[in-house]
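Take a look at the letters that make up each chain.
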Amino acid sequence: MPGHMPPQDPQAVAHSPLEDAQGLGMGVLLCGLGITLLSYLGFMTGQTAGIALILSYVTGISFGWVFFAINIPFYWLAQKRLGWEFTLKSLGCVTGLSVATELMPRGLRLEALDPLLGVVLFGAVTGLGLLAIFRHKGSLGGIGVVALMVQDRTGFRAGYVQLAVDACIFAVAFALFPPRVVIFSLIGAVVLNGVIAFNHRRDRYIAP
């Protein structure tokens, strides 16, 4: 969940451009693998990726194209709220994930995947991928930016905004998909958010 950035340690060593590229690239690759597993099972998740998956299932348009398109309006908001570095890195990550989810199924052919194992793997690898992206000042979607703006203007905490959005996404999913699909999807979302909650501690990670 979004939070205030603590003061930087004056002795902290900044990431080099190569380190940023490596970290963001590995993060995108892991998230691409997670989304590929999830879409193979026909399940969904929360946040912007969840919206894109639902639209992809309903319209038949591939996840990559939908995910890229629905993020376009958020770049202007991101630049206003969080600056050009964050915006450009996020644009690169979103584009990379869109490409990865288009290409990965061509090289990764699954014949069988247990649903419970699949959603746990999705949550674990996607959570690790997001941690890498966060630690190199990037993101994979616009809901978090909107949540921060709502927090700034109303005082309503950004984390609660994101939870409210996820509740709406899963409510729509219950109306569109069988309960089994939504329940397994919720398990994956819990694993994913658990990875982020337990490991994304800005006060423990000081590299700028």
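Residues numbered from 1 in each chain as written. Predicted model: local features only at pLDDT ≥ 70, side-chain atom pairs only at ≥ 80, totals over all residues. Heavy atoms only, no water.

### Re the side chain of Lys89
Heads up, the rule is: By the criteria applied, helices consist of DSSP H or I runs no shorter than four residues and strands consist of E runs no shorter than two, each listed in order from the N terminus. Here a polar contact means two N or O atoms within 3.5 Å. Within protein one must be a hydrogen donor candidate and the other an acceptor candidate, and residues neighboring in sequence count only if both atoms are side-chain atoms. Any two residues whose heavy atoms approach within 4.5 Å at even a single point are treated as in contact.
Among the secondary structure elements, Lys89 is positioned in helix H3 (residues 63-107). A distance of 2.8 Å separates the side chain of Lys89 from the side chain of Glu85, its partner in a polar contact. Ignoring anything within four residues of it in the chain, the contact list for Lys89 reads Asp20, Leu24, His136, Lys137 and Gly138.

### A short note on unusual backbone geometry
Leave glycine aside and you will find that most residues have negative phi; peptide bonds, for their part, are mostly trans. Although it is not a glycine, Gln47 sits at a positive phi angle of roughly 60°. Summarising the element assignment, Gln47 is placed in helix H2 (residues 47-59).

### Some thoughts on helix H4 (residues 115-135)
Operational definition: Between the first and last residue of a helix there are one fewer steps than residues, each counted as 1.5 Å, and that sum is the expected span. Buried means the residue's accessible area, taken with a 1.4 Å probe over protein chains only, is under 20% of the maximum for its type, while exposed means over 50%, and partly exposed covers the values in between.
Helix length check: H4, at 21 residues, gives a terminal C-alpha distance of 30 Å against a target of 30 Å (1.5 Å per residue), a fit within 8%. The set of residues buried in H4 consists of Pro115, Gly118, Val119, Phe122, Gly123, Val125, Thr126, Gly127, Gly129, Leu130, Leu131 and Ile133. A distance of 3.1 Å separates the backbone nitrogen of Leu116 from a side-chain oxygen at the start of H4, and that oxygen is part of Asp114. Two residues or fewer after H4 comes Lys137, characterised by a positive phi angle close to 60°.

### With respect to the nonpolar core
Nonpolar side chains in soluble globular proteins tend to end up buried together. Under the convention used in this document: Side-chain atoms within 4.5 Å are what join buried Ala, Val, Leu, Ile, Met, Phe, Trp, Tyr and Cys residues into a set we call a nonpolar core.
In this structure, Phe43, Met44, Phe63, Phe67, Ile133 and Leu140 are the most contacted members of the largest nonpolar core, which totals 38 residues. Contributing elements (two or more residues each) for this core: helix H1 (17-41), H2, H3, H4, helix H6 (158-176) and helix H7 (179-199). Other than its neighbours up to four places away in sequence, Ile133 contacts Leu24, Gly27, Val28, Cys31, Cys93, Gly138, Ser139 and Leu140. In terms of nonpolar packing, the next biggest core, distinct from the first, is built from seven residues, Phe74, Leu77, Ile143 and Met149 among them.

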